[in-house]
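Analysis of the macromolecular model
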Amino acid sequence: MKLKSFYSWISAIVLVFITTAVQGQQNCDSLKKEIPSFCKVLDDDARLEFPKDYAKIAACMEIDSVTEMLLGYDMVKMKALQLQKVKNRLFTYGDWMDMVVELKTSKEYRNAVQMMALIQHKINRADWDQMLKLMKESLLPIHLEALELDKVEKMLFDPKNKGKKFIEVMEHIK
């Protein structure tokens, strides 16, 4: 008899998990049709609403720091305005989720993920060369020029920074 009650108990738990998952998916499906709050308010308030809107998406799909960095407020707002102008409709969470999916398959995203990993390493020539390669693949020449990479390189390989991580030195660059 104990075995039968154990199976009943397990079945009940599985049923709860299934209904919770289905309910969560339904919430995400209905969210896709909604207009994000940041699109409904003026710029200063929109910047305050933006992280809350991102949190709603994060409840439905994985959002990492690289995604948030590459699809920041200005980029998403620009896409929302472009969609409104070109397709004559309002931007939805579904459009935003599609942007995230598209981004995560892009070379720009993969390069950014690699860069984020490399800057956690101790300063060394091979990793620096790899970072330069990734930056050259991902950034426009004018942006590369603005970074003044020669100065950054001198700072990184200064003897006083021996043994430090890239991020420890780079966070002090203005």
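Residues numbered from 1 in each chain as written. Predicted model: local features only at pLDDT ≥ 70, side-chain atom pairs only at ≥ 80, totals over all residues. Heavy atoms only, no water.

The subject of this paragraph is helix α2 (residues 43-58). With 16 residues, α2 extends 22 Å between its outermost C-alpha atoms, agreeing within 8% with the 22 Å of an ideal straight helix rising 1.5 Å per residue. E49 marks where α2 bends most, by close to 35 degrees; the proline P51 follows one to four residues later. Looking at α2, one finds that the buried residues are A46, F50, D53, Y54 and I57. (Helix = DSSP H or I, 4+ residues; strand = E, 2+ residues; numbered from the N terminus. Expected span 1.5 Å × (residues − 1). Bend = angle between axes of the 7 residues up to and from the residue. Buried < 20%, exposed > 50% of the residue type's maximum accessible area, 1.4 Å probe, protein only.)

Turning next to the pattern of salt bridges. This structure, assessed with the given rule, holds seven salt bridges. In this structure, D74 and R47 form a salt bridge, with 3.1 Å as the shortest nitrogen-oxygen distance. One end of the pair, D74, is in helix α4 (residues 73-87); the other, R47, is in helix α2, and 27 residues separate them in sequence. Taking the relative accessible area as the measure of exposure, D74 reaches 52% and is therefore exposed. Residue classification places R47 among the partly exposed positions, given a relative accessible area of 42%. A salt bridge links E49 to K52; the nearest nitrogen and oxygen atoms lie 3.4 Å apart. (Salt bridge = Lys/Arg side-chain N within 4 Å of Asp/Glu carboxyl O.)

Once that is clear, we can look at the state of the cysteines. If you walk through the whole model with that rule in mind, you get one disulfide. The disulfide that involves C28 links it to C60, with 2.0 Å between the sulfurs. The chirality of the disulfide connecting C28 with C60 is left-handed, given an S-S dihedral of about -100 degrees. Linking C28 in helix α1 (residues 2-31) with C60 in the loop between α2 and α3 (65-70), this pair joins segments that are 32 residues apart in sequence. Given a relative accessible area of 28%, C60 falls into the partly exposed group. (Disulfide = S-S within 2.5 Å.)

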